[in-house]
There are 2 protein chains.
Amino acid sequence: MTVGIIGLGLIGGSMAKTIKRYDKYKVLGFDKNYEVTHKALDQGTIDDELSDDNLNNCDIVLIALYPQATVEYIKRNCGCFKENALVMDLCGVKQSIVSPVENLALEHGFAFIGAHPMAGMENSGYDFSSPCLFDKAPVILTPYEWTNANDIKKAHEFYKSIGFGQINVSTAKEHDRIIAFTSQLAHVVSNAYVKSPAAGSHHGFSAGSYNDLTRVAKLNEDMWTQLFLNNASALSDEIDALCVRLQEYSFAIKDNDDVKLKQLLKEGREIKEQADNV
Amino acid sequence: MTVGIIGLGLIGGSMAKTIKRYDKYKVLGFDKNYEVTHKALDQGTIDDELSDDNLNNCDIVLIALYPQATVEYIKRNCGCFKENALVMDLCGVKQSIVSPVENLALEHGFAFIGAHPMAGMENSGYDFSSPCLFDKAPVILTPYEWTNANDIKKAHEFYKSIGFGQINVSTAKEHDRIIAFTSQLAHVVSNAYVKSPAAGSHHGFSAGSYNDLTRVAKLNEDMWTQLFLNNASALSDEIDALCVRLQEYSFAIKDNDDVKLKQLLKEGREIKEQADNV
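Just so you know, these numbers come straight off a predicted model, no measurement behind them.

Conventions and cut-offs
- Residues numbered from 1 in each chain as written.
- Chains lettered and ligands numbered in written order.
- Predicted model: local features only at pLDDT ≥ 70, side-chain atom pairs only at ≥ 80, totals over all residues.
- Contact = placed C-beta atoms within 7 Å.
- Helix = DSSP H or I, 4+ residues; strand = E, 2+ residues; numbered from the N terminus.
- Nonpolar A, V, L, I, M, F, W, Y, C, P; charged D, E, K, R; others polar.
- Least-squares fit on C-alpha atoms with pLDDT ≥ 70 in both.
- Axes fitted to C-alpha atoms, helices over the stretch in contact; angles between N-to-C directions.
- Parallel < 35°, antiparallel > 145°, perpendicular 65-115°, else oblique.
- Left-handed = near helix turned anticlockwise from the far one by under 90°.
- Buried ≥ 20, exposed ≤ 12 C-beta atoms within 10 Å, placed from the backbone.
- Pairing = 2+ DSSP bridges.
- Domains from an automatic or database assignment.

Caption draft 1: Region of the structure containing the interface of chain A and chain B. Contacts between the two partners involve 80 residues from chain A, matched on the other side by 80 residues from chain B. Those elements giving two or more residues to the side of chain A that touches chain B turn out to be α6 (172–193), α7 (208–214), α8 (221–229), α9 (232–254) and α10 (258–277) of chain A. Top contributing element to the side of chain A that touches chain B by residue count: α9 of chain A, with 16 residues. Grouping the constituent residues of the side of chain A that touches chain B by class yields 40 nonpolar, 22 polar and 18 charged.

Structure follows, in structure tokens:
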């Protein structure tokens, strides 16, 4: 089976390296930065360069670009996919991808399923890509209502076959709503957190909790700007609601209200324990 | 050298287990929960029970209680320490401890230095204590202006001798200001973070960033209520300032202002990179 990958950054590069562990797949890859494509070829991360000439050999096409570039790529190439090819983007937002692609997929007869592999790191680019990034990671699939069950099964089997863990099927809207909280809000909070004037003095005054809270402050602002603006409503709602919750703690602290503060902290602890034990 | 430890929870228990790795120290310990004291004795975590009869044998006394109980313990026992004993509390706040203890120390002729070992975990209690919790951890010492240099040196050598890493000397006020940001704010944010209605749906939709942001949401609300209220001004200032910063992101997202949003994210990334590289 031939898999084509467009974009060989952290996600696309890791996907190529992951798939190449399994002999049943041939991997074609392309990055707009030719040095990256060349390095991936040299290192055996891809078997061949993906081009206009061999795109229609690909049974599965994975698009590992930023959101805007993903939609643009599909618009440009929607007539060139192999018949019955399964095309999947790997973006962290889904509604802004699957909506504009829907009519193209219907018109040109390729299967399109949004996919979000739930793994990443604070560094980006091919040089940080790893064949282990996705080991046992969850992946979320967002097919259309009309998507053929066989194509969903094919996507499911593909991710299982290369070592992913839990495979969830969701609507794009539900995906974006939950991801606004689990991933996007975490990046916003972490990035805003480090801007306290006290951050410059943290050495020797910080431990695990500080490291954990600020790890993803180091982010790729070009990519995350697109991801955030493509999920603006859900994310800004999460930010605003968090601020309202934080103010409750602040008020209780200023009022020296130990009963209220303890109650707030207890509620958070219990929710965390319940959420972890589901 | 004999070290007495009052309170054998996560911090006191870990301190006892840490010190017991070194033959030069004899460890006496006490926990108000007799089962814990008994278990610590059985497991060899302490050499003997610390009591009113042998407190004045201790060259170093470590008080690993909550803030209020720490001050109460010192008030009750300030006449019973060995002459020239070095007494240190291990609380996460310092002004509210060292201020009320100052006159007692001067009056009764014992050396008192606030100490904050910078390590912990989301679980509490003796059963989670570990001889490795403090390996290479920083510790912050907050002596008085009049504290004898020899006593600071003695504290320094003690923590070095049992495996701590960086040892910092600070004023209690500076300690509390920085800790409000590096530790207390992290716990408040994490605890407030998990209260989104989306938290119940995080399984399969979350990865490292969510895990990191919410790890310390599971906290001991009795202890943290005291710590927060003993540092109310610095902590509420940090919470309020974080909310102001978060609103900047929210506004940029609602305005679909990619230039502003990218700038905000870039600033956070750069501060994180600079703070890590100091």
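On we go.
Caption draft 2: How the structure looks around the relation of the copies chain A and chain B. For the pair chain A and chain B, the superposition axis carries a translation of 0.0 Å, the fit reaches an RMSD of 0.0 Å, and the rotation angle comes to 180 degrees. In symmetry terms, the pair is related by a two-fold rotation axis.

Caption draft 3: Layout of unusual backbone geometry. A positive phi angle is found at N256 of chain A, which is not glycine, with a value near 55 degrees. Along the polypeptide, N256 of chain A turns up in the loop between α9 and α10.

Caption draft 4: Structural detail: the packing of α10 of chain A against helix α8 (residues 221–229) of chain B. The N-to-C vectors of α10 of chain A and α8 of chain B enclose an angle of 130 degrees; their axes lie 9 Å apart at closest approach. By the criterion of interaxial angle, the relationship of α10 of chain A to α8 of chain B is oblique. Once α10 of chain A is placed against α8 of chain B, the crossing between them reads as right-handed. Contacts between α10 of chain A and α8 of chain B involve D258, L261, K262, L265, K266 and R269 of chain A from the first element and E221, D222, W224, T225, F228 and L229 of chain B from the second. Here the contact of α10 of chain A with α8 of chain B is built from residues that sort into 5 nonpolar, 1 polar and 6 charged.

Caption draft 5: Quick look at the environment of E238 of chain A. Along the chain, the position of E238 of chain A falls in helix α9. The class of E238 of chain A is buried, set by 26 C-beta atoms lying within 10 Å. Taking the C-alpha atoms as reference points, E238 of chain A and I178 of chain A, 60 residues apart in sequence, are found 9.9 Å from one another. In this structure, E238 of chain A is in contact with A180, F181 and L185 of chain A together with S196 of chain B, ignoring residues within four places of it in sequence.

Caption draft 6: View of the sheet that holds strand β1 (residues 2–6) of chain B. All names here are of chain B. Sheet architecture is open: 6 strands sit in the order β3-β2-β1-β4-β5-β6, paired in parallel fashion. Each edge of the sheet is formed by a strand with only one pairing partner; in this case those strands are β3 (48–49) and β6 (111–112). Where strand β4 (residues 60–63) meets strand β5 (residues 86–89), 4 bridges bridge the pair, whose relative direction is parallel. Paired with I63 across the strands is D89, a residue of β5. Strands β4, β5 and β6 of the sheet are contacted by helix α5 (residues 149–161), whose axis makes an angle of about 60 degrees with β5.

Caption draft 7: Main features of the domain arrangement of chain A. All names here are of chain A. Segmenting chain A into domains produces domain 1 (2–171) and domain 2 (175–277). The gap between the C-alpha centroids of domain 1 and domain 2 is 31 Å. Counting residues at the interface gives 15 residues for domain 1, matched by 14 residues for domain 2. Among the secondary structure elements, those contributing two or more residues to the side of domain 1 that touches domain 2 are α3 (67–77), α4 (95–108) and β8 (139–142).

Caption draft 8: Region of the structure containing the sheet that holds strand β2 (residues 26–30) of chain A. With parallel pairing, the 6 strands of this open sheet are ordered in space as β3-β2-β1-β4-β5-β6 (chain A). Of all the strands in the sheet, the pair left with one neighbour each is β3 (48–49) and β6 (111–112) of chain A.

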